[in-house]
Amino acid sequence: QFLQWAFDGDAPESVEGVSYSLAESGLDQHVGALLRFPGDRIGTFECSLRHPTPRGATICGSKGVLKVPFPFWCPTSFSVQTMTGLGSQDWSSPQTYSFDLPAVEGPFNFVNS
């Protein structure tokens, strides 16, 4: 869902992935995928029950990088670092934007959910 959000709701044209399963249940413990979107855009993701992951998201584009920290599925901040110059050699200082989540009550299954 995050990749589709990053690519304006477009569906991927193709998906290639690898998975690792050691559990007797046969459930995947680790998955990595490469998705090709219309317009020669590429997205990747990784998720694992086997080892800890940063659970953040990074979008790299032709003008810079946007980083969404844990929990990327419901963040309270993100940072933008722009780049210019030949071969993207000139980087700005990262600019961080923070915001509050709406006030809600009740039990949650995930952080900020």
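Residues numbered from 1 in each chain as written. Predicted model: local features only at pLDDT ≥ 70, side-chain atom pairs only at ≥ 80, totals over all residues. Heavy atoms only, no water.

A. Fine view of the overall build of the protein. Across its full length, the protein carries 1 helix and 8 strands. When the elements of the protein are put in sequence order from the N terminus, they spell out α-β-β-β-β-β-β-β-β. Taken against the 2.2 N^0.38 rule, which gives 13 Å for 113 residues, the C-alpha radius of gyration of the protein at 17 Å runs more than 25% over that of a compact globule. Principal-axis analysis of the C-alpha atoms gives the protein an extent of 50 × 40 × 25 Å. Counting contacts in the protein only where the partners sit at least 6 residues apart, residues at least 24 apart contribute 24% of the total. Only carbon and sulfur atoms are counted for the fraction: they give 55% of the accessible area of the protein, which is about 8600 Å². Where the 6 positive side-chain charges of the protein centre and where its 11 negative ones centre are 6 Å apart. (Helix = DSSP H or I, 4+ residues; strand = E, 2+ residues; numbered from the N terminus. Rg over C-alpha atoms; globule rule 2.2 N^0.38 Å. Contact = heavy atoms within 4.5 Å. Areas by Shrake-Rupley, 256 points an atom, 1.4 Å probe, with all protein chains shown as cover. Lys, Arg positive; Asp, Glu negative; His and termini not counted. Charge placed at Lys NZ, Arg CZ, Asp CG, Glu CD.)

B. Representation of the sheet that holds strand E2 (residues 30-37) within the structure. Strands sit in the order E1-E2-E3 across an open sheet of 3 strands; the sheet is antiparallel. Looking along the sheet, the strands with just one partner apiece sit at the ends: strand E1 (14-20) and strand E3 (41-48). The mean inter-strand angle of the sheet, taken between neighbouring strand axes irrespective of direction, is 10 degrees. Taken together, the 7 bridges between E1 and E2 define a ladder with antiparallel strand orientation. The partner of Val15 across the bridge, within E2, is Leu35. (Pairing = 2+ DSSP bridges. Axes fitted to C-alpha atoms, helices over the stretch in contact; angles between N-to-C directions.)

C. Region of the structure containing unusual backbone geometry. Along the chain, Phe70 connects to Pro71 via a cis peptide bond; the corresponding omega equals -10 degrees. Inspection of the secondary structure puts Pro71 in the loop between strand E5 (64-68) and strand E6 (77-84). Even without a glycine there, the phi angle at Asp8 is positive, about 55 degrees. Considering the arrangement of structural elements, one finds Asp8 in the loop between helix H1 (2-6) and E1.

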